[in-house]
Amino acid sequence: MTQDELKQAVARAAIDYVAEGEIIGVGTGSTANFFIDELGKIKDRIKGAVASSEATAARLKSHGIPVFDLNEVERMSVYIDGADEIDHSGAMIKGGGGALTREKIVASVADRFICIADESKLVDVMGRFPLPVEVIPMAAKAVGRALAHLGASPVLRSKDGRPYVTDNGCHILDAAGLQIDDPKALERQINQWPGVVSVGLFAVQGAAVCLLGTAGGVRTLAF
């Protein structure tokens with residue numbers, strides 16, 4: 001199976017976690033896009049969705065799925081999204097698509113995070129994928145130095161020759177070279193630094209379930 005076929009398989013499996021008549025949280029990225037396409041097929045069974053990015057909101061609307069502002073929603077049963085890496089405790093690195101802060105906010109309102117990923121994303125120790133850190137633009141150099149003190153090699157994310165700008169008007173540092181043995185501790189540490197909006201570690205509140213696409217079918221990992 002190709003990587004896209006694995007993503008499609010877990011996207012279809014995730015539909016089983018969608019509660020009828022409710023609003024659900026939806027993530028950002030290529031795997032989440034496959035899920036949105038599947039969600040469009042059952043749009044009449046749900047009330048709507050909360051999007052974690054402008055891109056996700058646009059894709060949901062293209063399928064005729066009502067999009068709610070998070071301020072209109074008190075709780076959601078599930079938040080469904082992909083991951084750049086996930087370990088065996090359900091901790092994740094996210095933010096490759098640039099929406100880490102909004103993803104973390106929307107996920108915090110849901111009862112359960114359902115991670116959908118292909119088998120290449122499951123790792124014993126996270127860190128091979130560069131850790132995204134969203135920062136206030138004036139703090140980029142200061143936060144970069146702090147990441148370097150941890151042994152990382154931070155790079156300011158760019159697009160078309162200019163610093164990448166998130167939906168929040170901020171920048172992202174991608175920190176390569178880390179071996180993340182204690183993701184919860186590292187998440188708390190980085191989030192305390194002045195100028196950090198959010199770090200792309202989802203460990204303090206990680207996944208409850210991971211639907212993992214494999215050549216032998218979809219595996220369900222519960223944490």
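This text goes with the structure placed above it.
Notes on the structure follow.

What counts and how
Residues numbered from 1 in each chain as written. Predicted model: local features only at pLDDT ≥ 70, side-chain atom pairs only at ≥ 80, totals over all residues. Heavy atoms only, no water. Buried < 20%, exposed > 50% of the residue type's maximum accessible area, 1.4 Å probe, protein only. Helix = DSSP H or I, 4+ residues; strand = E, 2+ residues; numbered from the N terminus. Arc of directions from axis to C-beta. Contact = heavy atoms within 4.5 Å. Salt bridge = Lys/Arg side-chain N within 4 Å of Asp/Glu carboxyl O. Axes fitted to C-alpha atoms, helices over the stretch in contact; angles between N-to-C directions. Parallel < 35°, antiparallel > 145°, perpendicular 65-115°, else oblique. Left-handed = near helix turned anticlockwise from the far one by under 90°. Nonpolar A, V, L, I, M, F, W, Y, C, P; charged D, E, K, R; others polar.

## Description of helix H5 (residues 140-149)
Since one α-helical turn is 3.6 residues long, residues separated by three or four positions face the same way.
Step number 1: Those residues of H5 not exposed but buried are Ala 140, Val 143, Gly 144, Ala 146 and Leu 147. End-on view of H5: buried residues confined to an arc of 160 degrees, all on one side of the axis. Exposed positions of H5 whose direction lies more than 90 degrees from the buried face are Lys 141, Arg 145 and His 149.
Step number 2: Packed against the buried residues of H5 are strand S8 (131-135), strand S9 (153-156), strand S12 (171-176), helix H6 (183-191) and strand S13 (196-199).

## Describing the pattern of salt bridges
Step number 1: Tallying each qualifying case throughout the model produces 9 salt bridges.
Step number 2: Asp 81 serves as the salt-bridge partner of Lys 94, at 2.8 Å between the closest nitrogen and oxygen. Taken together, the residues span a long stretch of sequence, with Lys 94 in the loop between strand S6 (92-93) and helix H4 (100-109) and Asp 81 in strand S4 (residues 76-81) at a distance of 13 residues.
Step number 3: Between Glu 103 and Lys 94 there is a salt bridge, with the nearest N and O atoms lying 3.4 Å from each other.
Step number 4: The exposure class assigned to Glu 103 is buried, which follows from its relative accessible area of 3%.
Step number 5: Exposure remark for Lys 94: the relative accessible area of 3% places this residue in the buried category.
Step number 6: Shared partners join several salt bridges into a network, and the residues in it are Asp 81, Lys 94 and Glu 103.

## Some words on the packing of helix H2 (residues 30-40) against helix H3 (residues 54-62)
Step number 1: At a closest axis distance of 9 Å, the pairing of H2 and H3 adopts a crossing angle of 25 degrees. Here H2 lies roughly parallel to H3, going by the angle between them. The element H2 and its partner H3 pack so that their crossing is right-handed. Residues Asn 33, Ile 36, Asp 37 and Leu 39 of H2 lie in contact with H3, whose contacting residues are Thr 56, Arg 59 and Leu 60.
Step number 2: Residues of the contact of H2 with H3, tallied by class, amount to 3 nonpolar, 2 polar and 2 charged.

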